[in-house]
Structure formats: C-alpha cells, structure tokens
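Summary of the model geometry
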Amino acid sequence: MIISNSTPILHLGKVGHLDLLRKCFSKISIPEEVFFEISAFPESLEAILLHQALAEKWIEMEKVPLAPELELFSGLDIGELKAISLALKKRKPLLIDDKAGKQVAILFHVEAHGTLFVILEAYHQKFITRNEAIEIVNKMMRNEFYLSSEVYALFLELINER
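Right, let's walk through the structure included here. (Residues numbered from 1 in each chain as written. Predicted model: local features only at pLDDT ≥ 70, side-chain atom pairs only at ≥ 80, totals over all residues. Heavy atoms only, no water.)

Remarks on the layout of surface pockets
Taken as a whole, the largest pocket spans an internal volume of roughly 400 Å³. In terms of lining, the largest pocket is formed by 17 residues, of which the most central are Asp97, Lys99, Lys102, Tyr146 and Leu147. Looking at which element gives the most residues to the lining of the largest pocket, the answer is helix H6 (residues 99-107), with four residues. Split into classes, the residues belonging to the lining of the largest pocket amount to seven nonpolar, six polar and four charged. (1 Å grid on protein atoms, 1.4 Å probe; cavity = no way out; pocket = protein on both sides within 12 Å on 5 of 7 lines; lining within 4 Å. Points joined across faces, edges and corners; volume = space filled by probe spheres on them. Helix = DSSP H or I, 4+ residues; strand = E, 2+ residues; numbered from the N terminus. Nonpolar A, V, L, I, M, F, W, Y, C, P; charged D, E, K, R; others polar.)

Shown next as structure tokens:
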C-alpha cells in the first residue's frame, strides 16, 4: 500500500496509465481532499479513471484529520497536508510531486516519491518496457507535467541502466 497526493493520479490519469499505480502498489489510499481536487473536472479522463478505481476498490478514500505537527506548514495546499497526514497515520510511503511537500514529508520521516518513481518502478517490475516508460513520460510532459532537463536526463540515465 502507498498513499498518494493528487499529482501522480492526475498525471498518470491524463495519459491513461493510472493502472500503473495498481500494478506497482496493489492498494492506494488518498485523503478525501485529493478526491475532491481531481473530481473538480468530472468529465476529465483522470476523474473518470479515479472513480473507476474507487469502484473497483483498489483506491480507497479516507477522511483524515490534519496532523497537529503540520498545522504550521500553511504554504502547502490542504490536499498535500492531508496526504502527508495520512502517510504519517498509516506509516506508509507517499507519492507526491510538489518539492516543498516532499521536503515536509521527509522532515517527518515519511518516505516520499514522485510520479517518475511510479514509472521507474513499473519498468523495473517489467509491467512496461523501456520504450513505453519513455513514451509515458513524454506524453505526461505534453500534458502539463513539468520536468527540468536535468531531471529528464537523469530519468533517461536510470531507465537505460537495465
């Protein structure tokens, strides 16, 4: 099981690869704020795929209180704070792309990874090929997923190691 913030679901969903989360982690838990954020555009592919995943019960939504130790971090949005709170509560790793959110999670000893981690994990577990992994990242970048040239180069280096 892994906890997810909205961005991995949004980015993988937009390109039709939300299923990589299930393949890699079996169960995903999200705070209800993440559900509301993604469902704001109910006709979007990512919202439709999220609703299907909830119906199939491989993504579960939870109401979680804000961890008191996170109340000081007003620079993060409520979805990020609640996702970190859920990861703290369940003592599970977290998927989050926001750099500041990731740093706060790590500050509280939460193992935190981004969407690229999911793609690399899917590749390492042989759910997708090297070429499919690269194509998924390229599609995500064409759909508002930002990667610096340095991070993209590192991704290509990691994907070419095996």
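A word on the packing of aromatic side chains
Inspection of every chain in the model, using the stated rule, returns four aromatic pairs. A centroid spacing of 5.9 Å and a plane angle of 85° characterise the contact between Phe73 and Phe108, whose relative ring orientation is edge-to-face. Of this pair, Phe73 sits in the loop between strand S3 (59-62) and helix H5 (78-90) while Phe108 sits in the loop between H6 and strand S5 (112-113), and the two are 35 residues apart along the sequence. Since its relative accessible area comes to 25%, Phe73 is described here as partly exposed. Classification of Phe108 as partly exposed rests on a relative accessible area of 22%. (Phe/Tyr/Trp six-rings, centres within 6.5 Å; stacked < 30°, edge-to-face > 60°. Buried < 20%, exposed > 50% of the residue type's maximum accessible area, 1.4 Å probe, protein only.)

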